[in-house]
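The chain contents come next:
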Amino acid sequence: MNPTTAPLKAAPMRLKFRSIWISDVHLGTAGCQAAYLLDFLKHTESEYLYLVGDIIDGWALKRSWYWQQTHNDVIQKLLRKARHGTRITYLPGNHDEAARQFLGLIFGQIRIENELVHTTADGRRFLVLHGDRFDGVVQCAKWLAIVGDRLYELTLALNRIFNRIRHRCGLGYWSLSQFLKHKVKTAVSFVSRFEEAVAAEAQSQGLDGVICGHIHKAEMREVGGVLYCNDGDWVESLTALVETETGELRIIDWQQLFDEQAASVLPPVTTEPEGVPA
Ligand SMILES: [Mn+2]
């Protein structure tokens, strides 16, 4: 069974955060792990929810139309959260750059912004943005980025076949492209240059850190004197960045929680019994 359509067992808890950041969902592509994201959205709630770009993949949809019920369900879930009081901000990325023409507007109570500063509960200030404007490849030669994008999709396609076989053998999800990315030296140096550039921007604005997405690699560490946070993605790593009620930032690996069925490994945050509407 395809991991994107396999019925998912619900994680038996509801996690409450002050803020949640997710990005690089790539709705409209076969690589999007929408069922896992839905599960995450169902079992978490927050005062602030930031959609940090590449939520809908306009580049892929332009090439060929791919849209599943679960992709609709993600959109509906987000709109429902907005209606029920979650303060949602959508910061478009490069794959959904068409949405950038609507900066400053509000749709279905979701505000669209290019970049913003988020202040945590403990008073630290973070630049929030997708991050593609620091990607020299994207800025200097868009065609090169698109070629890279297609190679990336090919890797993801191989990844799906590979995981279908793993699934049949009773093995869990394993990301081939993520493995390759970690192994390929040039990719590693690209990642570190990206991290340094984004961190330098936050530093020059006198901020305490930066929260971004774009490179599909969840991370939280000190870079260039500020805290660099990347919320990862929902194609490979199935991660989100969260802020607890006291202002502590943390990366949530939903795949790990899901596989282990052990939400209790998380240090205590406010949890509520299941069934509370979000
Ligand atoms: Mn991007």
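Chains are numbered independently. Their residues run from 1 in the order of the written sequence. Only residues with pLDDT of at least 70 are given local features in this predicted model, and only at 80 or more are side-chain atom pairs given and counted; all residues enter the totals for whole chains, interfaces and linings.

1. Let's talk about the pairing of strand S3 (residues 87-90)
Covered by surrounding structure in S3 are Ile88 and Tyr90 only, the residues Arg87 and Thr89 on the alternate face being uncovered. Being paired, for any two strands, means DSSP has found at least two bridges between them. Helix and strand definitions follow DSSP, with helices as H or I runs of at least four residues and strands as E runs of at least two, each counted in order from the N terminus. The pairing of strand S2 (residues 44-51) with S3 spans four bridges and is parallel. Paired with Tyr48 across the bridge in S3 is Arg87. Pairing analysis gives three bridges linking S3 to strand S5 (residues 110-112), with the strands arranged parallel. Paired with Thr89 across the two strands is Arg111, which belongs to S5. Burial in this document is a count-based property: other C-beta atoms within 10 Å of a residue's C-beta are tallied, and the residue is buried at 20 or more, exposed at 12 or fewer, or partly exposed in between, with C-beta positions derived from the backbone.

2. Things to note about helix H3 (residues 69-83)
To estimate how far a helix should extend, the number of its residues minus one is multiplied by 1.5 Å. For H3, which comprises 15 residues, the first-to-last C-alpha distance of 21 Å matches the rise-based estimate of 21 Å (1.5 Å per residue) to within 8%. Restricting attention to buried positions, one finds in H3 the residues His71, Val74, Leu78 and Lys81. Buried residues of H3, viewed axially, fall in a sector of 85°; they line one side. Of the exposed residues in H3, those oriented more than 90 degrees away from the buried face are Gln69, Asn72, Gln76 and Arg83. The arc in question is the one spanned by the directions pointing from the helix axis to the C-beta atoms.

3. Details of the sheet that holds strand S9 (residues 219-223)
Spatially, the five strands line up as an open sheet ordered S6-S7-S8-S10-S9, and their pairing is mixed. Of all the strands in the sheet, the pair left with one neighbour each is strand S6 (116-119) and S9. Each neighbouring strand pair of the sheet contributes to a mean axis angle of 25°, computed without reference to strand direction. Looking at chain direction, strand S7 (residues 125-128) and strand S8 (residues 209-212) are connected through three bridges and run parallel. Among the inter-strand pairings, Phe126 is bridged to a residue of S8, identified as Gly209. Lines fitted to the C-alpha atoms define the axes, with helices restricted to the stretch that makes contact. Angles between their N-to-C directions range from 0 to 180 degrees.

4. Notes on the environment of Ala240
Mapped onto the elements of the fold, Ala240 is located in strand S11 (residues 239-243). Taking the C-alpha atoms as reference points, Ala240 and Asp253, separated by 13 residues in sequence, lie 6.8 Å from one another. Whether two residues are in contact depends on their C-beta atoms, placed from the backbone: they are in contact if these lie within 7 Å. Those residues in contact with Ala240 that sit more than four places away from it in its chain are Ile20, Trp21, Ile22, Phe40, Asp231, Ile252 and Trp254.

By themselves, these figures tell us nothing about what the structure is for.
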